[in-house]
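Structural overview for review
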Amino acid sequence: MTKLKGFAGKILHIDLNNLTHHVLPTQDYYEWGGGHGFGAKLFWDLSEDIEVVTDGRDPRNVITIAGSPFSGTNVPSAGGRCEVTNMSVGLIPRNRFTRSNFGGHFSSMMKHAGWDAVTVTGKAPYPVYIDVRNDHVMIRDASHLWGKDTHETQQIIQEDVASVEVASGWNGQLDGNSFGRTTQKASVLTIGPAGENQSALGCLIHGAGNAAGQGGNGAVFGSKNLKAISFIGTGAVDIADPEALIKARFKTRDFYAADIDKSAEFAFPSLGGKPEAITFSTMPTGHRVSSCHGCVNGCKQRNAIGYGNEVTCQTSVWYLGAVRSYKFGGNAKLSLAKTGVELTEDSLYAGDLANKLGINTYPIMGLIPWLQKMHAKGELGSGKEIHSELPYERLGTREFADQFCQAIATGTDIGAYFINGIVPGIQQLGHSADVDNGTLHYPYYGMPEHGYDPRAELEWGYATLMTDRDMNDHGLNWIYWTVNLAKLEGIDFPIPAEVLASRFVEKMAPYVQADEVSAMDYASHNMYSEVLARQVQWINHYGRFWKNSALMCDFRWPDCVNTHREDLRGATGNDEVGEHVWWNAVTGEGISYVDGIERGRRIFNLDNAIWALQGRHRDDAKFADYIYDHKMTHNKLPTYLWPATNGAGQWDYREMMGRQHSREGVEEWKSHYYRAEGWDTATGWPTRSLLEGMNMKDVADRLEQAGKLGNEEV
Ligand code: SF4
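Source: prediction; values computed, not measured. (Residues numbered from 1 in each chain as written. Predicted model: local features only at pLDDT ≥ 70, side-chain atom pairs only at ≥ 80, totals over all residues. Heavy atoms only, no water.)

1. Some details on the pairing of strand β8 (residues 136-141)
- In terms of strand pairing, strand β7 (residues 128-133) meets β8 through six bridges, oriented antiparallel. Note on β8: the bridge partner recorded for Ile130 is Ile139. (Pairing = 2+ DSSP bridges. Helix = DSSP H or I, 4+ residues; strand = E, 2+ residues; numbered from the N terminus.)

Structure follows, in structure tokens:
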């Protein structure tokens with residue numbers, strides 16, 4: 001077999017039904033790129049009964065945790081990401097093949113141990129964990145770990161793995177017949193009690209706070225009696241052209257990165273931005289940034305207060321609204337007005353709690369204000385219509401956070417209602433109207449709004465409708481943060497709206513031409529246009545390969561607009577520092593930027609074939625009623641400015657607040673999208689000619705057998 005550069009060459013298949021493992025050659029999956037591509041193809045190949053499995057907790061579910069050629073390298077913001085794919089838990093109107101992604105050092109250590117991915121099928125007869133030390137694979141009894149939180153679990157496994165000390169500070173590791181050495185500790189991915197209890201709100205945790213949760217990944221581990229997966233390795237990554245890799249890295253540093261010695265009044269988040277923890281609130285003194293493997297951007301933090309490590313982004317603020325409400329009154333909704341450090345510390349404490357118990361904080365964040373409201377109305381509490389013994393009068397305190405998180409993780413008290421997800425729980429409680437009318441912000445598939453309302457941020461809503469989950473792609477979303485935070489701080493945003501829009505569309509090959517600036521026009525008169533369908537097509541295909549399969553971090557790629565450069569042109573697609581340059585340096589292939597996007601199209605179409613087999617239909621792709629029936633009136637920032645034209649075609653940053661969708665308009669947009677993809681506009685299913693054109697005849701055959709092949713457009 002040819003040695004594939006960048007890859008380790010082996011995929012680990014764990015069959016928990018029989019407690020055995022097998023080696024699959026990476027060569028057989030190479031064309032799928034890594035990450036999501038591997039996960040989709042492995043799901044396709046290894047799933048029994050795709051058509052009949054309706055819940056991710058079914059033992060027939062296939063869960064894959066995959067790295068990419070970039071794992072373990074110093075490709076900027078790409079060496080430490082890891083993709084998780086599986087059948088979901090808790091989505092509506094039906095579960096489907098879905099994905100999540102986390103950072104840290106898991107994928108790099110997996111590579112150092114000699115593996116590109118691990119895929120798990122079946123269900124163990126008792127709790128187990130997978131302990132991989134280079135080539136040595138053990139499926140071990142986890143009864144001593146079951147019930148432990150995610151931090152304790154990692155520590156116990158790491159201490160066990162490190163127990164073979166061969167010299168001071170060096171650990172010996174079994175490696176077939178040889179003996180490798182490392183100073184590193186094992187990288188562990190684990191569930192906490194939430195996953196053990198198979199809660200749809202359970203997530204996977206690696207390190208202090210790297211989490212994969214959307215789609216109920218924790219419940220999938222729990223349903224398989226799988227507590228954790230641990231890798232330690234003593235190998236290296238075989239790079240095709242190390243010199244080209246280092247040259248590109250230096251070029252990035254010299255021409256695309258922030259000058260660490262200069263403070264900038266304004267910077268668009270981009271490749272090589274200054275390391276800065278993403279926490280959205282006043283940080284405690286004594287914190288410093290930390291990174292995933294090989295990343296220069298450092299968006300996580302370590303705190304001198306002793307907790308809150310890697311509690312970043314949304315996890316850092318899931319409880320912030322409640323803390324503020326308890327201390328200053330008002331409702332518990334998240335608002336990102338300036339906060340005092342005492343709010344941040346309680347918030348980080350709550351973030352730690354969730355991470356330790358393995359709870360996905362997105363869905364529970366939206367629930368908190370609803371609980372507060374129901375308690376205030378006298379409908380929630382001890383002996384009330386919704387019975388619960390939690391101390392709601394202390395909502396916003398650490399004491400409440402402790403009890404609430406325990407209840408959610410163990411499925412007891414109020415948590416018993418939400419074991420299958422927040423929206424199913426609300427429905428069970430007879431309060432569906434609160435989802436329909438937008439009291440609860442769960443606009444798609446029973447998933448919480450990511451913070452970017454589909455009535456304002458069109459691409460976020462549309463891409464979500466066309467994929468499996470809240471799309472979580474910040475490629476364009478930095479516009480929201482940068483423009484609106486500048487406004488809040490009284491800074492005149494220095495890039496004219498039309499210029500910003502132009503810089504984005506220049507990168508949207510092959511779907512949007514470089515002069516089609518209207519692809520970034522979010523004006524109401526352009527909401528349902530065909531060009532916006534192609535823009536979303538670019539997001540989906542770019543994302544499926546470069547982000548979800550090659551595993552370039554969503555926080556830094558694509559680099560469309562780079563404010564460290566005078567011409568503002570980012571690294572994306574550039575022939576010296578673009579995505580393909582890194583890919584070719586690591587793998588030795590010679591692909592172009594657009595070749596990668598074409599690979600993403602193929603992966604995305606395999607996804608859609610799986611979704612079709614699982615019962616997905618055009619009618620599933622719709623927003624909750626409030627998105628159509630009510631105007632958007634508030635957000636976590638007071639404005640929602642975005643590039644848009646007025647009736648006279650003049651560009652500016654215009655307010656998106658106050659807008660609503662129309663059902664007819666969204667349906668019109670969907671038809672544009674289906675046509676752009678070559679899918680049947682009546683069903684959303686892929687057609688034979690489309691699949692065969694991408695060398696997926698077997699997929700077309702299976703869809704036809706199942707009666708799920710789309711009709712060709714006439
Ligand atoms: S930007 Fe943040 S999340 Fe992304 S790779 Fe770097 S440290 Fe990790």
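Next comes the rest of the description.
2. Remarks on empty space enclosed by the protein
- With the rule as written, the count across this model stands at seven cavities of 30 Å³ or more.
- Its volume calculated, the largest cavity comes out at about 850 Å³.
- Mapped by element, the contributors of at least two residues to the lining of the largest cavity are β5 (97-102), β14 (210-212), α9 (361-376) and α16 (530-547).
- Split by residue class, the lining of the largest cavity holds 15 nonpolar, 20 polar and 11 charged.
- Here the second largest cavity is characterised by a volume of approximately 130 Å³.
- Considering the residues around the second largest cavity, the lining is formed by 17 residues, among which Leu91, Ala200, Leu201, Pro363 and Gly446 are closest to the centre.
- Partitioning the lining of the second largest cavity into residue classes produces nine nonpolar, eight polar and no charged.
- Taken domain by domain, the lining of the second largest cavity gets at least three of its residues from each of domain 1 (10-232) and domain 2 (269-436). (1 Å grid on protein atoms, 1.4 Å probe; cavity = no way out; pocket = protein on both sides within 12 Å on 5 of 7 lines; lining within 4 Å. Points joined across faces, edges and corners; volume = space filled by probe spheres on them. Nonpolar A, V, L, I, M, F, W, Y, C, P; charged D, E, K, R; others polar. Domains from an automatic or database assignment.)

3. Digging into the domain arrangement of the chain
- Here the chain is partitioned into domain 1 (10-232), domain 2 (269-436) and domain 3 (458-705).
- For domain 1 and domain 3, the distance between their C-alpha centroids amounts to 29 Å.
- If you look at the interface, domain 1 gives 39 residues, while domain 3 gives 38 residues.
- Note on domain 1 versus domain 3: buried area summed over both sides is about 3,400 Å², and carbon and sulfur give 60% of it.
- When the buried area of domain 1 at its contact with domain 3 is split by residue, Trp32, Trp44 and Phe70 rank highest and sum to 22% of it. (Contact = heavy atoms within 4.5 Å. Buried area = accessible area lost by both parts, 1.4 Å probe.)

4. Comments concerning the nonpolar core
- One finds Trp318, Phe404, Ile414, Phe504, Trp538 and Trp546 to be the most contacted residues of the largest nonpolar core, which totals 179 residues.
- Among the elements that make up this core, the one with the highest residue count is helix α18 (residues 593-613) (10 residues).
- Those residues within four positions of Phe504 in sequence are excluded, and the remaining contacts are Phe268, Gly475, Leu476, Ile479, Met520, Cys560 and Val561.
- Of all hydrophobic cores here, the second largest spans 41 residues; its members include Leu16, Met109, Val137 and Val161. (Core = buried A, V, L, I, M, F, W, Y, C linked by side-chain atoms within 4.5 Å. Buried < 20%, exposed > 50% of the residue type's maximum accessible area, 1.4 Å probe, protein only.)

5. With respect to the pattern of salt bridges
- Under the criterion given, the structure shown has 43 salt bridges.
- Notably, a salt bridge pairs Arg133 with Asp131, separated by 2.8 Å at the nearest N-O pair. We note that Arg133, like Asp131, is buried.
- In the salt-bridge network here, residues are joined through shared partners; they are Arg688, Glu692, Lys697, Asp701 and Glu704. (Salt bridge = Lys/Arg side-chain N within 4 Å of Asp/Glu carboxyl O.)

6. So, the site of the ligand
- Close to the ligand lie Arg81, Ser291, Cys292, Cys295, Asn297, Cys299, Lys300, Cys553 and Phe555.
- For the shell around the ligand, the class distribution of residues is five nonpolar, two polar and two charged. (Near = heavy atom within 4 Å.)

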